[in-house]
Amino acid sequence: MVPTLPNYFLAFPRPLKRKKAEVMGKSCSHLSPLPNSMALELIALSTTITLISSCLPFASPSNFSYPAIFNFGDSNSDTGGLVAGIAFPVGPPNGQTYFLEPSGRLCDGRLTIDFLMGVMGMPFLNPYLDSVGAPDFKTGCNFATGGSTILPAKAIFTSPFSFGIQVAQFIRFKTRVHELLTQDEELQNFLPLEEYFRLGLYMFDIGQNDLDYAFYLNSEDQVFFRIPTIVQEFETGIKELYYQGARNFWIHNTGPLGCLPRIIATFGKDPSDLDEIGCVSSHNNAAKLFNTQLHAVCANFQGQFPEASLTFVDIFSIKSNLISNYSQLGFKQSLAACCGYGGLPLNFDNRIACGETKNLNGSFVTAKPCNNTAEYVNWDGNHYTEAANLYVSSQILTGKYSQSPLLADSHFLARSEY
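Residues numbered from 1 in each chain as written. Predicted model: local features only at pLDDT ≥ 70, side-chain atom pairs only at ≥ 80, totals over all residues. Heavy atoms only, no water.

A.B. asks: Got a minute to help me understand the overall build of the protein in this structure?
C.D. replies: When you go through the protein residue by residue, the secondary structure sums to 13 helices and ten strands. Residues classed as buried in the protein amount to 55% of the 418 residues present. Partitioning the contacts of the protein with sequence separation of at least 6, the portion at a separation of at least 24 is 72%. Roughly 17,600 Å² of accessible area belongs to the protein as shown, and the carbon and sulfur atoms make up 55% of that amount. (Helix = DSSP H or I, 4+ residues; strand = E, 2+ residues; numbered from the N terminus. Buried < 20%, exposed > 50% of the residue type's maximum accessible area, 1.4 Å probe, protein only. Contact = heavy atoms within 4.5 Å. Areas by Shrake-Rupley, 256 points an atom, 1.4 Å probe, with all protein chains shown as cover.)

The following block contains the structure:
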């Protein structure tokens, strides 16, 4: 039976053309529907926080209403940082489903964080690194960049903006905001007020790339050995943010890395390396171990700083459930890339990225998008489609996958064991 989503995820059909301000995130009033098989009615999105809060009795933090959001992470929540920071090419067909043009997101449309911002009645987060177009940071700032790691980046990594750099950027941002507001009060129309840094929500979705990069150079056991160092670096970062005044923390664990088409194509050539649903076991085992240790770090942090409000969100279970039960949820492909080359079962070729045209084996070929992105869980071999992100968001907001890490939860721990 297909689950019914909350009304605030449904909307009127989008217009054929948007104004530039809407494309840049000034309006969140149009949300696209899920796959047709879900038989969902189109209902107007609520614009009041009061109604939104009443729809979230189980979500934590309790009312999911904050004056500002400060986000840290990788491509799972990057709204344009990598494009602005290193001019990373994110061209068509990225953005085609919702923005109707590339938006800096490695997705056909919106990310999970975009949907969560919409629930809070807030505009999309502008990237810290994007200075073009007079970005509005009144309701927060996004420090996430695609390819980022928790550990300091190496020269071969896609993004130089590791977690420590993102935290340093936040400190610079906060200091500069204070200086500017002192000089000109009118800037409070574009910058967060001083109290927003204390009252705001600090969101995190990072760590996947640390595991991803590690597997290209190390054995499974060696990757496992590195995980305590990774989570300790994360703990150092959130402690620094606490010392800077952060009190509300929203932390996502990492998803099933072994279920990405690129990982399966690279590490899953031997069927014995795959689990029962076709994902690479070693990578998912590493993700589970990382999540268990991340949970322990969060519990230690919460115990050390009782004034902090920390919510731990089990993204691994949400995405694993989506991939395992995709057909019941209205999708047709769980492990194949919508935008890729090579055809089923993975439709992924490491030699050519989504949207590219290249000469392969003497013939020019193009990695084209599928006809209906809402039928696919995966967008380009590495990232999820808007439809999948919408499902993930809906599950987050049920509260079933969120908890304070100090609350003993044997169900979570059982899911996290490898």
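After presenting the structure, the write-up continues.
A.B. asks: What is the right way to read helix 11 (residues 315-324) from this model?
C.D. replies: Counting along an α-helix, one turn takes 3.6 residues, and residues three or four places apart therefore face a common direction. With eight of ten residues buried, helix 11 lies mostly within the body of the structure. The set of residues buried in helix 11 consists of Ile 315, Phe 316, Ser 317, Ile 318, Lys 319, Ser 320, Leu 322 and Ile 323.

A.B. asks: Got a minute to help me understand the side chain of Asn 126 in this structure?
C.D. replies: Secondary-structure assignment places Asn 126 in the loop between helix 4 (112-119) and strand 2 (140-142). With relative accessibility at 9%, the residue Asn 126 sits in the buried group. Within the structure, Asn 126 has its side chain in polar contact with the backbone oxygen of Asp 136 (distance 2.8 Å). (Polar contact = N/O pair within 3.5 Å; in protein donor to acceptor, adjacent residues only side chain to side chain.)

A.B. asks: Please clarify how the packing of helix 7 (residues 208-215) against helix 8 (residues 220-243) should be interpreted in this entry.
C.D. replies: The axes of two packed helices give the description: the angle between them and the distance between them. Packing of helix 7 against helix 8 leaves a shortest axis separation of 10 Å and a crossing angle of 150 degrees. As the angle between them shows, helix 7 and helix 8 are arranged roughly antiparallel. The two elements helix 7 and helix 8 cross, and the hand of that crossing is right-handed. Listed contacts from helix 8 to Asp 210, Leu 211, Ala 214 and Phe 215 of helix 7 are Glu 220, Val 223, Arg 226, Ile 227 and Ile 230. Split by residue class, the contact of helix 7 with helix 8 holds six nonpolar, no polar and three charged. (Axes fitted to C-alpha atoms, helices over the stretch in contact; angles between N-to-C directions. Parallel < 35°, antiparallel > 145°, perpendicular 65-115°, else oblique. Left-handed = near helix turned anticlockwise from the far one by under 90°. Nonpolar A, V, L, I, M, F, W, Y, C, P; charged D, E, K, R; others polar.)

A.B. asks: What am I meant to see in the packing of helix 5 (residues 163-183) against helix 8 here?
C.D. replies: Direction vectors running N to C along helix 5 and helix 8 enclose 5 degrees, while the axes themselves pass 10 Å from each other. One finds that helix 5 runs roughly parallel with respect to helix 8. Touching Phe 163, Val 167, Phe 170 and Ile 171 of helix 5 are Glu 233, Phe 234, Gly 237, Ile 238, Glu 240 and Leu 241, all from helix 8. Tallied by class, residues from the contact of helix 5 with helix 8 come to seven nonpolar, one polar and two charged.

A.B. asks: Just checking my understanding: could you explain the pattern of salt bridges for this structure?
C.D. replies: A side chain of one charge can pair with a side chain of the opposite charge when the charged atoms of the two come close. Applying the stated rule across the entire model yields nine salt bridges. Among the ionic pairs, Asp 114 bridges to Arg 105, the shortest N-O distance being 2.8 Å. Taking the relative accessible area as the measure of exposure, Asp 114 reaches 2% and is therefore buried. Overall, the relative accessible area of 3% leaves Arg 105 in the buried class. Taking the shortest distance from any N to any O, the salt bridge between Lys 332 and Glu 375 comes out at 3.4 Å. Highlighted residues: Lys 332 in the loop between helix 11 and strand 6 (333-337) and Glu 375 in the loop between strand 8 (363-366) and strand 9 (376-378), separated in sequence by 43 residues. (Salt bridge = Lys/Arg side-chain N within 4 Å of Asp/Glu carboxyl O.)

A.B. asks: Looking at this model, I keep getting lost on the environment of Trp 379. Mind explaining?
C.D. replies: Position of Trp 379 relative to the elements: it lies in the loop between strand 9 and helix 12 (386-396). It is 5.3 Å that separates the C-alpha atoms of Trp 379 and Ala 337, two residues lying 42 residues apart in sequence.

A.B. asks: Would you explain the pairing of strand 4 (residues 248-252) in this entry?
C.D. replies: The side chains of a regular strand alternate between both faces of the sheet. Along strand 4, five of the five residues are buried, which leaves the element largely enclosed by surrounding structure. By the alternation rule, side chains of strand 4 split into Asn 248, Trp 250 and His 252 and Phe 249 and Ile 251, which are all buried. As paired elements, strand 3 (residues 201-205) and strand 4 share four bridges and run parallel to each other. Residue pairing in the sheet places Phe 204 in a bridge with Ile 251 of strand 4. (Pairing = 2+ DSSP bridges.)

A.B. asks: I tried to follow the packing of aromatic side chains on my own but got confused; where do I start?
C.D. replies: What characterises a pair of aromatic rings is the spacing of the ring centres plus the angle enclosed by the ring planes. Per the stated rule, a full pass over the model turns up 32 aromatic pairs. Taking 5.3 Å as the distance between ring centres and 15 degrees as the angle between the ring planes, the aromatic pair formed by Phe 72 and Phe 204 counts as stacked. With a gap of 132 residues between them, Phe 72 in strand 1 (residues 69-73) and Phe 204 in strand 3 connect regions that are remote in the sequence. For the ring pair Tyr 242 and Phe 305, a centre distance of 4.3 Å and an interplane angle of 35 degrees mean the geometry is tilted. Of the two residues, Tyr 242 is situated in helix 8 and Phe 305 in the loop between helix 10 (281-304) and strand 5 (309-313); the sequence distance between them amounts to 63 residues. Exposure remark for Tyr 242: the relative accessible area of 10% places this residue in the buried category. Over the ring of Tyr 98 we find Arg 110; its NZ or CZ atom is 3.8 Å from the centre of that ring. (Phe/Tyr/Trp six-rings, centres within 6.5 Å; stacked < 30°, edge-to-face > 60°. Lys NZ or Arg CZ within 6 Å of the ring centre and 35° of its normal.)

A.B. asks: Help me understand helix 12, please; the structure alone is not making it clear to me.
C.D. replies: Among the eleven residues of helix 12, eleven are classified as buried, and the element is accordingly described as predominantly covered. Contacts from the buried residues of helix 12 go to helix 4, strand 4, strand 5, helix 11, strand 9 and strand 10 (402-403).

A.B. asks: What's the story with a nonpolar patch on the surface in this structure? I'm lost.
C.D. replies: Judged by side-chain polarity, Ile 156, Tyr 216 and Leu 217 come together as a nonpolar surface patch covering roughly 360 Å² of accessible area. In this structure, Leu 217 sits in the loop between helix 7 and helix 8. Its relative accessible area of 61% is what places Leu 217 among the exposed residues. (Patch = residues over 30% accessible without salt bridge, like charges linked within 9 Å, V, L, I, M, F, W, Y side chains within 5 Å.)

A.B. asks: Even after reading the chapter, I still don't get the side chain of Thr 149, so can you show me in this structure?
C.D. replies: If you trace the backbone, Thr 149 turns up in the loop between strand 2 and helix 5. Looking at Thr 149, the relative accessible area reads 1%, which means it is buried. Separated by 2.7 Å, the side chain of Thr 149 and the backbone oxygen of Leu 151 make a polar contact. If near-sequence neighbours (up to four positions away) are discounted, Thr 149 is found in contact with Phe 157, Ser 162, Phe 163, Ile 206, Asn 209, Asp 210 and Tyr 213.

A.B. asks: Whenever I open this one, unusual backbone geometry confuses me. Can you help?
C.D. replies: Generally, phi is negative for residues other than glycine and the peptide bonds are trans, each holding for most cases. Note the cis peptide between Pro 92 and Pro 93, where omega equals 10 degrees. Along the chain, the position of Pro 93 falls in the loop between helix 3 (81-86) and helix 4. Residue Pro 345 is bonded to the preceding Leu 344 through a cis peptide linkage, with omega at 15 degrees. Within the secondary structure layout, Pro 345 lies in the loop between strand 6 and strand 7 (357-360). Notably, Ala 87 is not glycine yet its phi reads approximately 55 degrees, a positive angle. Residue position: Ala 87 is located in the loop between helix 3 and helix 4. Look at Ala 87 and you get exposed, because its relative accessible area is 60%. Of note, Asn 347 is a non-glycine position whose phi angle comes to about 50 degrees, a positive value. Structurally, the position occupied by Asn 347 is in the loop between strand 6 and strand 7.

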